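# Working through the structure, step by step
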Amino acid sequence: MDAERVPPGIDPTKAHPSRRYNYWLGGKDNFAVDRESAEMVASAFPTVGLAARENRAFMRRVVGYLAGEAGIGQFLDIGTGLPSAGNVHEIAQGIDPSARIVYVDNDPIVLVHARALLTSEPRGRTAYIEADLRDPEKILADADLRRTLDLSRPVALMLVATMHFVTDDHDPYGIVRTLLGALPSGSHLVMTHATGDYLTPEEYAVSVEANERSGVPFRLRGREEFARFFDGLEVLPPGVGSVVEWRPEEPAEDRPAVEDVSMLCAVARVP
Ligand SMILES: C[S@@+](CC[C@H](N)C(=O)[O-])C[C@H]1O[C@@H](n2cnc3c(N)ncnc32)[C@H](O)[C@@H]1O
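Conventions used here
- Residues numbered from 1 in each chain as written.
- Predicted model: local features only at pLDDT ≥ 70, side-chain atom pairs only at ≥ 80, totals over all residues.
- Heavy atoms only, no water.
- Helix = DSSP H or I, 4+ residues; strand = E, 2+ residues; numbered from the N terminus.
- Contact = heavy atoms within 4.5 Å.
- Polar contact = N/O pair within 3.5 Å; in protein donor to acceptor, adjacent residues only side chain to side chain.
- Buried < 20%, exposed > 50% of the residue type's maximum accessible area, 1.4 Å probe, protein only.
- Pairing = 2+ DSSP bridges.

Of note, S187 is situated in the loop between helix 8 (172–181) and strand 5 (188–194). With residues near it in sequence (within four places) discarded, S187 still touches P154, V155, A268, R269 and V270.

With that settled, the discussion passes to the environment of H164. Tracing the backbone through its elements, the reader meets H164 in the loop between strand 4 (156–160) and helix 8. Considering only alpha carbons, one finds H164 and E249, 85 residues apart in sequence, at a separation of 26 Å. Residue contacts for H164: discarding those within four places in its chain leaves H193, A194, P217, F218, R219, R221 and M263. For H164, the side chain forms a polar contact with the main-chain nitrogen of A194, separated by 2.8 Å.

As a further point, take the pairing of strand 8 (residues 263–269). Burial within strand 8 is extensive, with six of its seven residues counted as buried. Pairing between strand 5 and strand 8: seven bridges, direction antiparallel. Within the sheet, the bridge partner assigned to M191 lies in strand 8 and is A266. As paired elements, strand 6 (residues 234–235) and strand 8 share two bridges and run antiparallel to each other. Within strand 8, the residue paired with E234 across the bridge is R269. Pairing geometry for strand 7 (residues 241–242) and strand 8, over two bridges, is antiparallel. The residue of strand 8 that forms the bridge with G241 is C265.

Written out as structure tokens, the structure is:
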């Protein structure tokens, strides 16, 4: 992106997770500061691009499962990121054309591209809300959300590669509890989260340090910390584990190594 023609509301001097992720996925919607931050992380964790692609592939598999087998027709996707191949509504409405999707992100650059997220099938509906996950009540009260989703019917809450940007001082568990508290029985929670569990202590220390220098607040969480987000929910098979191993479509020997992706996931049903 050309830093001289910056859309209003966007600060091209500060790295942002959505633009950095876009760079790792091979996109062009990023500034020099995002690329520098991305390269800093990649110097400590060279397979971060693979991790981003595997995370995205997991998301596509899960939405396919939810819209199909699980019969979920509504999605609240918080931390949407820049539109990329296989957005949630494209997958869900490819299975159920009447599916409804609300996208939420706090990076104004996503709003610039939100038109691509609003290409709903005529029988379904999509909406985009610019809001911060750390203020979940505001998201839940949003008029566009209320117009798009029927909160008396099951909703899939998607927090895919997003909660690791919520540091402990912002009450990450309380945020998820508040969001789930507004959703009825039969709703689902889908989450992926970066972890240091598969790394050696040296690799872990290098990753934490690189993330600290990269200018984006970030919190790796271990399996137990991650599993706490699912307390009181019915975690679906295969349980809490690597995104690489969640209902893969290829034989295990063709899948990447879990340590090269270093991303935990789980999908759970609200009882
Ligand atoms: C790594 S991207 C993941 C995109 C997409 N969910 C995926 O998995 O392909 C994380 C997204 O979360 C958004 N994000 C980070 N912190 C956020 C916050 N506090 N509120 C809303 N969105 C946030 C970023 O702007 C970014 O677009």
